[in-house]
Amino acid sequence: MRHNSSPLLICACLAFAACSGEVAPKSSLVAEISSGHVVSHLADPSVVYSAYLQKYILSGTGTAMDLPFYLSVDGLNFDWALSISPSEADPDYDYCKIWAPDLFIPGDDQRTLQVTFSASRYDQGAECKIDASVTTFKMSVSLDSGRAARPETIGNPAAGGPASSMEPGCIGGVIPNGWTCERTIRIDSDNFLDPATGRTHFYYTWFGHDPISHNNVSSFVLDDPERIQRNILSSETQDEHILEAPDVFERNGKYYLVYSRGNFANSYSLGYLMGDSPSMLSTSHVPRRSLREPIFGQATGCTGYSGRSILDAGGHSSTIRIGEDYFIFFHINESVYGPDGCHQVTRRHTVRQKLTFLPDNRILNLRGVFLRWDELGPGYEYSLDVQTPTRTFAPCIGADKIGSSTWVEFDGRCGSDELGEAANLSFRVCAAQNGNWSSALCSPYVSATSTTLDLDLPRPRGLMFRWNNLGDGYEYSLDLEARDGRLFLPCVDAGQLRDSLSHWFEGTCPGRGALAPDQVGRARVCAARDGQWQDAVCSPAQAVTETGLVMHLPLAEISFSWNALGPGYLYSLDLQTRSGQTIAPCVHAGILGGQTSHRFSGECPGRGEVPPAEVTSARICAAADHDWSHAICSPYTRTEASTRLTLSR
């Protein structure tokens, strides 16, 4: 049957946001669960930024008969623009059960929006069958003309790669057309353009060969379709045999594959893999990590994971960079109590949450809190205590797990106990030196008001000295001057400090005597490479505060690195100095070419000498085919001995 729908005028709407339409009302329940509400009655969101239109585009699962599109200039506030029916774009077929679109703008064609979506296709004029099999289709939409091309199935069987399939099921590992289950693209696709290589990776969900589906995720590179990478397989204990909705993004040279697990109508949740390249995004290389779990009620015997009532669950995500931050869009379930006392899902809504990245590049659990504190000194270990309105967990996370680290991620649990939302909890950190917990120092309990919480430990008697890293091969020594003028040169030599970048001073200069911390007047740090102390460099001598001092050593050279934007791109390096001068470029594209690293020792060819110690920040710029009028530049980044610059299209 043919469906009545809006004309395919997406170009005008996307370019000028001129389409009219009502925005769905905001659910009061959604407002209670998440302050990042985006769109009501929209599931399986996908978000992309169009540099050509200078707008963010959002779509997802709506009526299941068409694809709704929402627009935003800031990536935060979205308005409905129009809906597109794939049936209107196909002269031969109609489509229903239209789910989970993925929006993708190819790197070489900024004027085309590529939409891959799951659907059931049937002869025009026939009726949609509720039990019909779904597969994945690709549909291109011109951002100039507004024309949507006829949907096509995905894959290239002639080249030995995976393909979409209309066949019902996947029995015994092989479907009737001869394709194995893993080579059959079913639902929840995701296109990812690797900024380091310029190659596009296609991720998808395929169905297993037994009655309970076994949804799994695999991928391939579009220019190498025969080589299938198995990313992650579902299990009964972790996923209820359902694992789907891959969402891949890159940040600062790290790659993340976010996935959904569990039944979408019950215990839906989010997990992720983290690796150094797309090829590392597999459980054969990296562990599974939790990103968001359901909240369970106390009722038992309910449908869902662990047989408990689901109070809050959600999944199927899309991650995008907005400014310098990364936001994850996902849907949550709105549910009501059924006659059996269990929660039953009624509708789904799209919400948004800012991602917090931990110091080791892991993502903070979306229900969690990142807690940090100042280091007290050598020999100290730390533990975290948590209070609920009725109970204290001391410790919640012990020193055997935190050790000497000065931060920890709280993910909503103390062991096997689920504590729920962090906003209802209070936290403190305790510290003990050399295992002496009878003399532990503890911060006050503090309530969580954001995803990052700083805790203040009482400071023991001593001074903390820190300094910057000059690079491989350097060792350091610490010089102190007493308030009465006595010099301790050095107080702590390189034989003790070696390549350490900090020192906790409690009053002893080995071999040179005692100096009370409160009698230290000034300090400096010196450094030498490979034991050549005749060529040592030192920081300026500075007055010491009551807690210590952070010192800065002049850099002898700076190692710059950056991500590649793809074939045909050339790079140039711009610098800013302490005097406020900008040198653009310092190292031009004729020298850097297509390289993604440069060791700077002070020479700006054709522009003169710039001591590395005078450089305060830098950026990298890139242009395709020498078109510098459309150059792409990273933000200016503070320089260190090893400085990573990140380009984004």
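The structure we're discussing is the one just above.
Notes on the structure in this doc start here. (Residues numbered from 1 in each chain as written. Predicted model: local features only at pLDDT ≥ 70, side-chain atom pairs only at ≥ 80, totals over all residues. Heavy atoms only, no water.)

A few words now on the sheet that holds strand β9 (residues 152-153). Spatial ordering of the open sheet is given by β6-β7-β8-β9, a layout of four strands whose pairing is antiparallel. Taken across any chain shown, the strands that pair with only one partner, and hence form the sheet edges, are β6 (93-104) and β9. As paired strands, strand β7 (residues 112-123) and strand β8 (residues 135-142) are joined by eight bridges and run antiparallel to one another. Within the sheet, the bridge partner assigned to T116 lies in β8 and is K138. (Pairing = 2+ DSSP bridges. Helix = DSSP H or I, 4+ residues; strand = E, 2+ residues; numbered from the N terminus.)

In this structure, F465, L480, F505, F560, Y571, L573 and L575 are the most contacted members of the largest nonpolar core, which totals 49 residues. In terms of residues, this core owes the most to one element, strand β36 (residues 474-482), which gives five residues. Those residues in contact with L573 that lie beyond four places of it in its chain are F560, I583, P585, C586, V587, L592, H598, A618, R619, I620 and L645. Of all hydrophobic cores here, the second largest spans 25 residues; its members include V369, V386, A422 and F427. (Core = buried A, V, L, I, M, F, W, Y, C linked by side-chain atoms within 4.5 Å. Buried < 20%, exposed > 50% of the residue type's maximum accessible area, 1.4 Å probe, protein only. Contact = heavy atoms within 4.5 Å.)

All right, on to the environment of E240 then. Relative to the helices and strands, E240 is located in the loop between α4 (236-239) and β16 (243-251). Note: C-alpha distance between E240 and S267 (27 residues apart in sequence) is 8.9 Å.

To continue, consider the state of the cysteines. The full count for this structure, using the stated rule, is seven disulfides. Each sulfur in the disulfide pair C586 and C604 lies 2.0 Å from the other. Disulfide C586-C604: torsion about the S-S bond near -95°, hence left-handed. In this pair, C586 is assigned in strand β47 (residues 582-587) and C604 in strand β49 (residues 603-604), connecting sequence segments 18 residues apart. Residue class for C586 comes out buried when judged on its relative accessible area of 1%. When its relative accessible area of 1% is taken as the criterion, C604 is described as buried. One disulfide bridge connects C621 with C633, the sulfur atoms lying 2.0 Å from each other. Since a negative S-S torsion denotes a left-handed disulfide, the C621-C633 link at about 110° is right-handed. On the criterion of sequence distance, the pair formed by C621 in strand β51 (residues 615-624) and C633 in strand β52 (residues 632-633) is long-range, its members being 12 residues apart. Judged by its relative accessible area of 4%, C621 falls in the buried class. (Disulfide = S-S within 2.5 Å.)

On to the sheet that holds strand β19 (residues 289-292). Strand-to-strand pairing in sheets goes through backbone hydrogen bonds, with the strands running parallel or antiparallel. Strand order in the open sheet formed by four strands is β16-β17-β18-β19, and the pairing between neighbours is antiparallel. If you trace the sheet from one side to the other, it starts and ends with β16 and β19, each paired once. Strand-to-strand twist across the sheet, computed as the mean angle between neighbouring axes with direction ignored, equals 30°. With seven bridges connecting them, strand β17 (residues 254-261) and strand β18 (residues 269-275) associate as antiparallel partners. Opposite Y255, over in β18, you have G275 as the bridge partner. (Axes fitted to C-alpha atoms, helices over the stretch in contact; angles between N-to-C directions.)

As far as function goes, none of this settles anything; it's purely spatial.
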